Amino acid sequence: ASVSLRKELKHDFLKQIIFRVDFKGLLDRDVDKCISEIRESLFNNGFVNDDARVESREDQKTKIELNLQEEDAYGNINLDTIYSFQSEDQNESLEISKTFLKLAVAIQQNYDGFDKYVNLLAEVIVKLKSKSPFFKVIRTGLRKVNLCYIYDLKNLANYFKKGAFNISETMECMNGVSCKASEMHTVFEKEQFLINYVRNLQEGRMMINRNPLVVYQVVLDIEAYCNDVKKCELLFKDKEVIQKTITSQNELVFDCYVNSLSEDFKINLTEVNFQDNNIVGVH
């Protein structure tokens, strides 16, 4: 059902996609070999700008999350060599190093769907995997950030189910309050994956016809991930299984997104022309 609905939807408010696989067991020279073999394929898939090698240190937060050592025994900072590739408009980037693969997509207007990346990602992972018997995936995650703005908090229920944003019920628990911000984080488990289901609401100002108007930024930030090494081993067994894994992650994220929306909003998103003056950011 989700696949047919995905085809019916002509509009969304998706702003960013991040797919990332973290692994261990590779040396820099393994990655060098892999890059020389896949550059042509990357080019044919629209990654035409090659920044070649970029010396970079992974950010502290990622190090802490993955319990990776930032310093070696002598106190030297470990620099990762990262190969970076971009599309011509620089909205798509692919980074490859000996510890991670990351695809980041900034959505401007037209989004063709995530399916077009699945084969390429699987191909790159298989190549990396083939370079060392020690290769081991320690985490995989597909994250999509959806963002829009509404003018009136009372209209929130027109777009999102109460299960996703229960702001009005929360405010009813208090007396005479207004909502400035709200952050909700739920973790689900389904199939082999955990799902981070984050909903944020923030009051702010937006310039509309040179007038600053109060608006509410609404964010649906959803990630399907697995950080169980034994499960990851099965999820990344071979190219066919890897494609299935990435497709499953995409379906889980989409289901979570679409199940957050009200029925009327879903119907409006299937129309050829989306017209609604009470919401901003749908394209």
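We now turn to the structure provided with this report. Numbering of residues starts from 1 in every chain and runs along the sequence as written. Predicted model: local features are reported for residues with pLDDT of at least 70 only, side-chain atom pairs are reported and counted for 80 or more only, and whole-chain, interface and lining totals are derived from all residues. Hydrogen atoms and water are omitted, and side-chain values are computed over all heavy atoms in the structure.

**Overview of the overall build of the chain**
No. 1: Scanning the chain from N- to C-terminus turns up 9 helices and 10 strands.
No. 2: The buried share of the chain, reckoned over its 283 residues, is 45%.
No. 3: A contact between two residues is defined here by any heavy atoms of the two lying within 4.5 Å. A sequence separation of at least 24 residues applies to 72% of the contacts in the chain between residues at least 6 apart.
No. 4: When the accessible surface of the chain is summed, it comes to about 15600 Å², and 46% of that surface belongs to carbon and sulfur atoms. Starting at the N terminus, helices and strands are each numbered in turn, a helix being any DSSP run of H or I of at least four residues and a strand any DSSP run of E of at least two. Under the scheme applied here, a residue whose accessible area is under 20% of the maximum for its type counts as buried, over 50% as exposed, and between as partly exposed, the area being computed with a 1.4 Å probe on protein chains only. To measure how exposed things are, a 1.4 Å probe is used in the Shrake-Rupley method; for residues, cover is taken only from the protein chains shown.

**With respect to helix α2 (residues 28–44)**
No. 1: A helix is expected to reach a length of 1.5 Å times the quantity of its residues less one. The terminal C-alpha atoms of α2, which comprises 17 residues, lie 24 Å apart, in line with the 24 Å expected from a rise of 1.5 Å per residue.
No. 2: Its axis deflected by about 45 degrees at Ile38, α2 carries its strongest bend there.
No. 3: When α2 is considered as a whole, its buried residues turn out to be Asp30, Val31, Cys34, Ile35, Ile38, Ser41 and Leu42.
No. 4: The elements touched by buried residues of α2 are β3 (80–86), β4 (92–96) and α4 (115–130).
No. 5: In the stretch just after α2, Gly46 is the one whose phi turns positive, near 95 degrees. For a residue, the bend is simply the angle between two axes, fitted respectively to the seven-residue segment ending there and the seven-residue segment starting there.

**Let's talk about the pairing of strand β9 (residues 211–226)**
No. 1: The pairing of strand β6 (residues 136–150) with β9 spans 11 bridges and is antiparallel. The residue of β9 that forms the bridge with Asn146 is Leu220.
No. 2: With 15 bridges connecting them, strand β8 (residues 193–208) and β9 associate as antiparallel partners. Across the sheet, residue Met206 finds its bridge partner in β9, namely Leu213.
No. 3: Between β8 and β9, which pair antiparallel one after the other, the connecting turn spans 2 residues, and Asn209 there sits at a positive phi close to 50 degrees. When DSSP finds two or more bridges between a pair of strands, those strands are recorded as paired.

**Side note on the packing of aromatic side chains**
No. 1: Put simply, two rings from Phe, Tyr or Trp (the six-membered ring, in Trp's case) pair if the centres are within 6.5 Å, and we call them stacked under 30 degrees between planes, edge-to-face over 60, tilted for the rest. Evaluation of the coordinates by the stated rule reveals 12 aromatic pairs.
No. 2: With a centroid separation of 6.0 Å and an interplanar angle of 25 degrees, the aromatic rings of Phe13 and Phe265 are classed as stacked. Of this pair, Phe13 sits in the loop between α1 (2–8) and β1 (14–24) while Phe265 sits in helix α9 (residues 263–269); the two residues are 252 residues apart in sequence, bridging distant segments of the chain. As far as the burial class goes, Phe13 and Phe265 line up, both buried.
No. 3: With a centroid separation of 5.1 Å and an interplanar angle of 80 degrees, the aromatic rings of Tyr159 and Phe265 are classed as edge-to-face. On the criterion of sequence distance, the pair formed by Tyr159 in helix α5 (residues 156–159) and Phe265 in helix α9 is long-range, its members being 106 residues apart. Accessibility classification places Tyr159 together with Phe265 in one group, the buried group.

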